[in-house]
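Report on the structure
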Amino acid sequence: MFQILSKTELAQGTVVANEIMAPKIAAKARPGQFVILRVNETGERIPLTMADTDPKRGTITIIYQVVGKTTALLKSLNVMDYIQDIAGPLGRPTPIEKKGTIICVGGGTGVAVLHPITRGFKQAGNKVIGIIGARTKDLLIMEDKMRAATDELYVCTDDGSYGHAGFVTDVLREQLTKLGSEVKEAVTIGPVPMMKFCAKVTAEFGVPTMVSLNAIMVDGTGMCGCCRVSVGGKTEFACVDGPEFDGHKVDFEELGRRLTAYQKQEKEAMDLYQHKCSCAANQ
Ligand SMILES: Cc1cc2nc3c(=O)[nH]c(=O)nc-3n(C[C@H](O)[C@H](O)[C@H](O)COP(=O)(O)OP(=O)(O)OC[C@H]3O[C@@H](n4cnc5c(N)ncnc54)[C@H](O)[C@@H]3O)c2cc1C
Ligand code: FES
């Protein structure tokens, strides 16, 4: 059992950060790795990236968007409550080395996944340019942390309520045009369409690009095959071969299709959960 030490709502109650006591995982975790957790004994297993770790305190931090039953259940837990089990660290750590100038692009809760990677590139001595975006100002997360982890940070909102009005791809194109061959790598993490279009832009400039794939996962150890993705025409398992891959080779259409394969069951599970919650509240 893993105790929750803190709970912070980062955006309109829909994005939550939990610091959790997990000393063995915190001691081994590297940027880019994730955990798979079950909220309770009968719960499903869901993967969440470690947005931060503190090996001295023995804690890991997860940041998640409430999108369905399990994330809603997780949000219902309070400080001092316990999560049934957490397996990790899982996945390959991000290969971080000194290369020159790196552009890190994040959208939505992808910014939480991007942050430890961005910080790692900066600590390795790179010049790091950050570009983060959200649909609207109230949904933007971790601006301060990303500012501290970068040399320059550009903020975008789709509706123009804060920062640059428009998509992260606009600013990415501007920076690539301005900096040219100075940029050695791009990292882009967020919704599938955002990663796909960022990778299209960087391909025009010939800049190697890493994306982090949020494929549906079950065991997280390469045994069930649920998380398979196509990269350069080859089948890879996101849990053990990734979650990061060459963005210029990923079949994003297939990933998008596989992510929506269980929408009917997910909606039914959420409806039932909300019904049970409202019945309990009325008793
Ligand atoms: C390696 C990895 C790291 C991730 N890190 C984060 C993170 O740091 N923060 C965050 O908010 N989200 C993260 N996700 C996505 C997160 O796992 C899903 O949002 C979560 O599983 C949704 O569960 P639910 O029951 O609340 O929603 P549901 O209603 O069950 O599903 C909503 C959508 O979430 C996706 N999903 C559902 N079940 C799974 C599953 N078992 N594995 C993967 N995706 C699933 C599907 O696209 C689905 O349509 C990550 C996914 C992966 C693969
Ligand atoms: S989650 Fe089962 S093989 Fe990757």
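Up top is the structure.
Per chain, the residues get numbers from 1 upward, laid out in the order the sequence is written. Each chain takes a letter, starting from A, and each ligand takes a number, starting from 1, following the order in which they are written. For this predicted model, a pLDDT threshold of at least 70 governs which residues receive local features, and a threshold of 80 or more governs which side-chain atom pairs are given and counted, while totals over whole chains, interfaces and linings are taken from all residues. With hydrogens and water set aside, each side-chain value is computed from the structure's full complement of heavy atoms.

1. Quick look at the sheet that holds strand β8 (residues 101–107)
Two pairing modes exist for strands in a sheet, parallel and antiparallel, and in both the strands are linked by backbone hydrogen bonds. Between any two strands, pairing holds if DSSP finds at least two bridges. Helix and strand definitions follow DSSP, with helices as H or I runs of at least four residues and strands as E runs of at least two, each counted in order from the N terminus. Read across the open sheet, the seven strands follow the order β11-β10-β9-β8-β12-β13-β16; overall the sheet is mixed. Every other strand in the sheet has two partners, leaving β11 (164–165) and β16 (244–246) as the edge strands with one partner each. With six bridges connecting them, β8 and strand β12 (residues 183–189) associate as parallel partners. In the sheet register, Cys 104 faces β12, and the bridge partner there is Val 187. In what follows, residue pairs with any heavy atoms lying within 4.5 Å of each other are defined as contacts. For helices, the axis comes from a line fit to the C-alpha atoms of the stretch in contact; other axes are also lines fit to C-alpha atoms, and the angle between any two N-to-C directions lies between 0 and 180 degrees. Set on the sheet, helix α5 (residues 168–179) makes contact with β8, β9 (127–134), β10 (152–157), β11 and β12; between it and β9 the angle comes to about 160°. Each of β8, β12 and β13 (209–212) is contacted by helix α6 (residues 192–205), which is oriented at about 165° to β12, the strand it contacts most.

2. Brief notes about the nonpolar core
Side-chain atoms within 4.5 Å link the members of a nonpolar core, which is a set of buried Ala, Val, Leu, Ile, Met, Phe, Trp, Tyr and Cys residues. Each residue gets one of three labels from its accessible area relative to the maximum for its type: buried under 20%, exposed over 50%, partly exposed in between, using a 1.4 Å probe on protein chains only. Counting residues in hydrophobic clusters, the biggest one holds 35 residues, and the most contacted among them are Ile 103, Val 105, Ile 131, Leu 172, Leu 213 and Phe 252. Looking at which element gives the most residues to this core, the answer is α6, with six residues. If sequence neighbours within four positions are ignored, Val 105 has contacts with Leu 114, Ile 131, Val 168, Leu 172, Val 187, Thr 188, Ile 189, Met 194 and Cys 198. Among the nonpolar cores identified, the runner-up in size contains 26 residues, and Ala 51, Ile 117, Phe 121 and Val 155 belong to it.

3. Some points on the pairing of strand β1 (residues 2–11)
In the sheet, β1 pairs with strand β6 (residues 82–83) via two bridges, with the strands oriented antiparallel. Paired with Gln 3 across the strands is Tyr 82, a residue of β6. The turn linking β1 back onto strand β2 (residues 15–21) is made up of three residues, and Gln 12 within it adopts a positive phi angle of 45°.

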